[in-house]
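Below, each chain spelled out in residue letters.
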Amino acid sequence: QTHLSVLSVNYSLAPEHPCPVARDEVNRVYKHLLQTGYDPAKICWAADSSGCNLALASLIALRDDGIQLPKAAELLSPSVDLTCSGESMQSRRQLDPLVSEDVLRYCAHLYAQDYDLASPCISSLFADLTHLPEMLIQVGDHEILRSDAVRLQQAVQRADGAAQLTIWDDMWHVWQMFPELPEAQQALDEIQTFLARHVV
């Protein structure tokens, strides 16, 4: 739909490969792209769910290493607080058909292992979010991760960054993967518009 080339990174997974293995692998791939001549101003990072936490951790590490960052990032149904402290964990628990707090907590410990879940390198919501690419954040109103998306936008804005947040009525976790839904197509149209404005 975007007419853009896509590179999907098959990074190593926890628990066999806990934090920060995946982050470091993603960053090596990105650095390789830059070394082979790709223009970061023509690159957008895209992620969904826990991949959003990885994407942010990777961007933060690249920024701290002085590497030029991609132009933009799109984050779908982001899970960025592995402490599960958002209010929607409770207020949406009966509405979300795909994700539960128990599963999130179990997966968080597999990923973090010896790290504190509130550590900025584990929960990107609590990291320094200054000087990051402009973001498009999409989340469904029925998601228990709704609070993660809302707080992420607020944290980016407090850090003087730019983050566009769209909350989709009645939608669940990563509904964009169901193309038969008109709301999925509308979300993809919004992504296409965002990319056309930034990297095309």
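Trainee: Could you clarify how one ought to interpret the overall build of the protein in this entry?
Mentor: Within the protein, the secondary structure is distributed over six helices and four strands. Traced from its N-terminal end to its C-terminal end, the protein shows the element sequence α-β-α-β-α-α-β-α-β-α. Taken over the C-alpha trace, the protein has a radius of gyration of 16 Å; the compact-globule value for 200 residues is 16 Å, and the two agree within 12%. Across its three principal axes, the protein shows a C-alpha extent of roughly 50 × 40 × 30 Å.

Trainee: Looking at this structure, how should I read unusual backbone geometry?
Mentor: Among all residues except glycine, the phi angle is most often negative; among peptide bonds, the trans geometry is most common. With omega at 5 degrees, the peptide bond leading from Ala14 into Pro15 counts as cis. Turning to its location among the elements, Pro15 is positioned in the segment before helix H1 (21–35). The omega torsion of the bond from Cys19 to Pro20 falls at 10 degrees, within 30 degrees of zero and hence cis. In this fold, Pro20 is placed in the segment before H1.

Trainee: Can you help me understand H1 in this one?
Mentor: Residues lying three or four places apart along an α-helix face the same way, a consequence of the helix completing one turn every 3.6 residues. Here H1 contains 15 residues, and its C-alpha end-to-end distance of 21 Å stays within 8% of the 21 Å for a straight helix at 1.5 Å per residue. Looking at H1, one finds that the buried residues are Ala22, Glu25, Val26, Asn27, Tyr30 and Leu33. In this structure, the buried side of H1 is in contact with strand S1 (44–48) and helix H2 (50–64). Directly after H1, the chain includes Gly37, whose backbone phi takes a positive value near 105 degrees.

Trainee: Just to check I follow, could you spell out the nonpolar core for this structure?
Mentor: Nonpolar side chains tend to gather and get buried jointly when the protein is soluble and globular. Within the largest apolar cluster, 31 residues are counted, with the highest numbers of intra-cluster contacts made by Trp45, Leu56, Leu75, Leu129, Leu132, Met135 and Leu152. Elements that contribute at least two residues to this core include exactly H1, S1, H2, strand S2 (72–76), strand S3 (134–140) and helix H5 (146–158). The element best represented in this core is H2, accounting for seven residues. Met135 has contacts with Leu56, Ala73, Leu75, Val156, Ala162, Ala163, Gln164 and Phe194, leaving out every residue within four places of it along the chain.

Trainee: How should the packing of H1 against H2 be read in this particular structure?
Mentor: Angle between the axes and distance between the axes are the two parameters that describe a pair of packed helices. It is at 9 Å that the axes of H1 and H2 come closest, and there the two elements cross at 60 degrees. On the basis of their axis angle, the class for H1 and H2 is oblique. Seen along the crossing, H1 lies across H2 with a hand that is right-handed. From H1, Ala22, Arg23, Val26, Asn27, Tyr30 and Lys31 reach across to H2, where they touch Leu54, Ala57, Ser58, Ala61 and Leu62. Grouping the constituent residues of the contact of H1 with H2 by class yields seven nonpolar, two polar and two charged.

Trainee: Please clarify how the packing of aromatic side chains should be interpreted in this entry.
Mentor: The way to describe two aromatic rings as a pair is by their centre distance and the angle between their planes. What the rule picks out here adds up to three aromatic pairs. Summarising the aromatic geometry, the rings of Trp168 and Trp175 are spaced 5.8 Å apart at their centres and angled 50 degrees between planes, so their arrangement reads as tilted. Here Trp168 matches Trp175 in class, with each residue buried.

Definitions and limits used
- Within any chain, residue numbers begin from 1 and follow the written order of that chain's sequence.
- Residues qualify for local features only when their pLDDT is at least 70, as the model is predicted, and side-chain atom pairs are given and counted only at 80 or more; totals for whole chains, interfaces and linings, by contrast, use all residues.
- Only hydrogens and water are set aside; all other atoms, that is, all heavy atoms of the structure, feed into the side-chain values.
- Numbered from the N terminus, helices here are DSSP runs of H or I no shorter than four residues, and strands are runs of E no shorter than two.
- As defined in this context, the radius of gyration uses C-alpha atoms, and a globule is described by 2.2 Å times the residue total to the power 0.38.
- Here the expected length of a helix is defined as 1.5 Å per residue gap, with one fewer gap than residues.
- Each residue is assigned to one of three classes by its accessible area relative to the maximum for its type, calculated with a 1.4 Å probe on protein chains only: buried under 20%, partly exposed between the two thresholds, exposed over 50%.
- Two residues form a contact once any of their heavy atoms are found within 4.5 Å.
- What makes a nonpolar core is a set of buried Ala, Val, Leu, Ile, Met, Phe, Trp, Tyr and Cys residues whose side-chain atoms join them at distances within 4.5 Å.
- Axis definition: a line fitted to C-alpha atoms, over the contacting stretch in the case of helices. Angles run 0 to 180 degrees between N-to-C directions.
- Every angle not falling under 35 degrees, over 145, or within 65 to 115 is termed oblique; those three ranges are roughly parallel, roughly antiparallel and roughly perpendicular.
- For any helix crossing, the convention is left-handed if the near helix is rotated counterclockwise from the far helix by under a right angle, and right-handed if that rotation is clockwise.
- The residue classification treats Ala, Val, Leu, Ile, Met, Phe, Trp, Tyr, Cys and Pro as nonpolar and Asp, Glu, Lys and Arg as charged. All others, Gly included, are polar.
- To pair, rings of Phe, Tyr and Trp, with the six-membered ring standing in for Trp, must have centres within 6.5 Å; the planes then decide the type, stacked if under 30 degrees apart, edge-to-face if over 60, and tilted in the middle.

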